[in-house]
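Residues per chain are reported as follows:
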Amino acid sequence: MAGNWKMCKTPGETRSFLEKFIPAVAGVSDCDIVICPPFVDLPAAVEAARNTNVAIGGQNLHWESKDGAFTGEISGRMLKEAGAQWVIIGHSERRQYFHETDELVYKRTVAALAAGLKPIVCVGEMLKERESGQTHWVLERQFNHGIAKLAPEQFAQIVIAYEPVWAIGTGRTATPDIAADAHRFIRGQAVEKFGSGDVRILYGGSVKPDNIKGLMAQEEIDGVLVGGASLDPDSFATICFASSSSASH
Ligand code: PEP
């Protein structure tokens, strides 16, 4: 269960969130819980989450491992030393507004793995692509030009997030069946390219406390990547508990 805070919350707000959220999810033991705040919040988040079941991640990283002349960028080893364990790569907002390509997604994934970070690699179609019946074609292209170029041992370490762009931040969640169909297709790509569909696939797009159960009831959906609803400690705790069989909320 991963929370993507996008460009929200200051270090002080991060501490306040985690003061409430960490005790609220202390009983969740059978899934990974990850919060990905803005870079400047990482020290506060890592400190607050130390020795808890909440891990911290970045929202992006540069593809170069070595220090260099890349003003405004952050490398994998910087994230790692700051205490991040995970990193989101290829979020649709980065693809749309910052010209992220499948090739850059691939390069960033390799850099993340080299730094010892666990990548959450995002794929997903735009509304016009879904409406014109191109969803599978887009997912296949994103998979082939990005993820499929990884070595099998690299692929084994990533998590994929299926995030239909039309569902992100719109309140228009994909139905559990639509999400499961896309997950099945992506898993099929994994079987085709790597001979194994053993990869965790998260769904992302307007996940809320009131739709999480229906989504998690789908066998194909292994977890969720949550934007808006991860900003509130109660909402995100409810979402985390929905995937946990070890506790009730
Ligand atoms: C996201 O940012 O990855 C996301 C899915 O956002 P939201 O949950 O707000 O749709």
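Here we summarise the structure given alongside this text. (Residues numbered from 1 in each chain as written. Predicted model: local features only at pLDDT ≥ 70, side-chain atom pairs only at ≥ 80, totals over all residues. Heavy atoms only, no water.)

**Here we look at helix α7 (residues 135–145)**
Turning to step 1, where the next piece is worked out: Inspection of α7 places Thr135, Val138, Leu139, Gln142 and Phe143 among the buried residues, and these make up the whole buried set. In an axial view of α7, the angular spread of the buried residues amounts to 130 degrees, which keeps them on one side of the axis. (Buried < 20%, exposed > 50% of the residue type's maximum accessible area, 1.4 Å probe, protein only. Helix = DSSP H or I, 4+ residues; strand = E, 2+ residues; numbered from the N terminus. Arc of directions from axis to C-beta.)

**Here's the deal with the pattern of salt bridges**
Turning to step 1, where the next piece is worked out: Under the defined criterion, the tally for this structure stands at twelve salt bridges.
Turning to step 2, where the next piece is worked out: The shortest N-O distance in the salt bridge between Lys149 and Glu103 comes to 2.4 Å. Of this pair, Lys149 sits in the loop between α7 and α8 (152–155) while Glu103 sits in helix α5 (residues 102–114), placing them 46 residues apart in sequence.
Turning to step 3, where the next piece is worked out: Given the relative accessible area of 36%, Glu103 is considered partly exposed.
Turning to step 4, where the next piece is worked out: Bridged by salt links that share partners, the residues Arg95, Asp102 and Arg141 form one connected network. (Salt bridge = Lys/Arg side-chain N within 4 Å of Asp/Glu carboxyl O.)

**Section: the packing of aromatic side chains**
Turning to step 1, where the next piece is worked out: If you walk through the whole model with that rule in mind, you get seven aromatic pairs.
Turning to step 2, where the next piece is worked out: Taken together, a centroid distance of 6.3 Å and an interplanar angle of 65 degrees make the contact between Phe143 and Phe155 edge-to-face. You can see Phe143 sitting in helix α7 and its partner Phe155 sitting in helix α8, a full twelve residues away along the chain.
Turning to step 3, where the next piece is worked out: A relative accessible area of 2% places Phe143 in the buried class.
Turning to step 4, where the next piece is worked out: With relative accessibility at 5%, the residue Phe155 sits in the buried group.
Turning to step 5, where the next piece is worked out: Every member of this aromatic cluster is reached through a ring pair, and the members are Trp5, Phe17, Phe21 and Phe236.
Turning to step 6, where the next piece is worked out: Lys9 extends its terminal NZ or CZ atom over the ring of Trp5, reaching a point 5.4 Å from the ring centre. (Phe/Tyr/Trp six-rings, centres within 6.5 Å; stacked < 30°, edge-to-face > 60°. Lys NZ or Arg CZ within 6 Å of the ring centre and 35° of its normal.)

**Examining the sheet that holds strand β4 (residues 86–89)**
Turning to step 1, where the next piece is worked out: Read around the closed barrel, the eight strands follow the order β1-β2-β3-β4-β5-β6-β7-β8; overall the barrel is parallel. Along the sheet, successive strands turn relative to each other by an average axial angle of 30 degrees, direction set aside.
Turning to step 2, where the next piece is worked out: When strand β5 (residues 118–123) meets strand β6 (residues 159–162), the two strands line up parallel, connected through four bridges. The residue of β6 that forms the bridge with Val121 is Ile160. (Pairing = 2+ DSSP bridges. Axes fitted to C-alpha atoms, helices over the stretch in contact; angles between N-to-C directions.)

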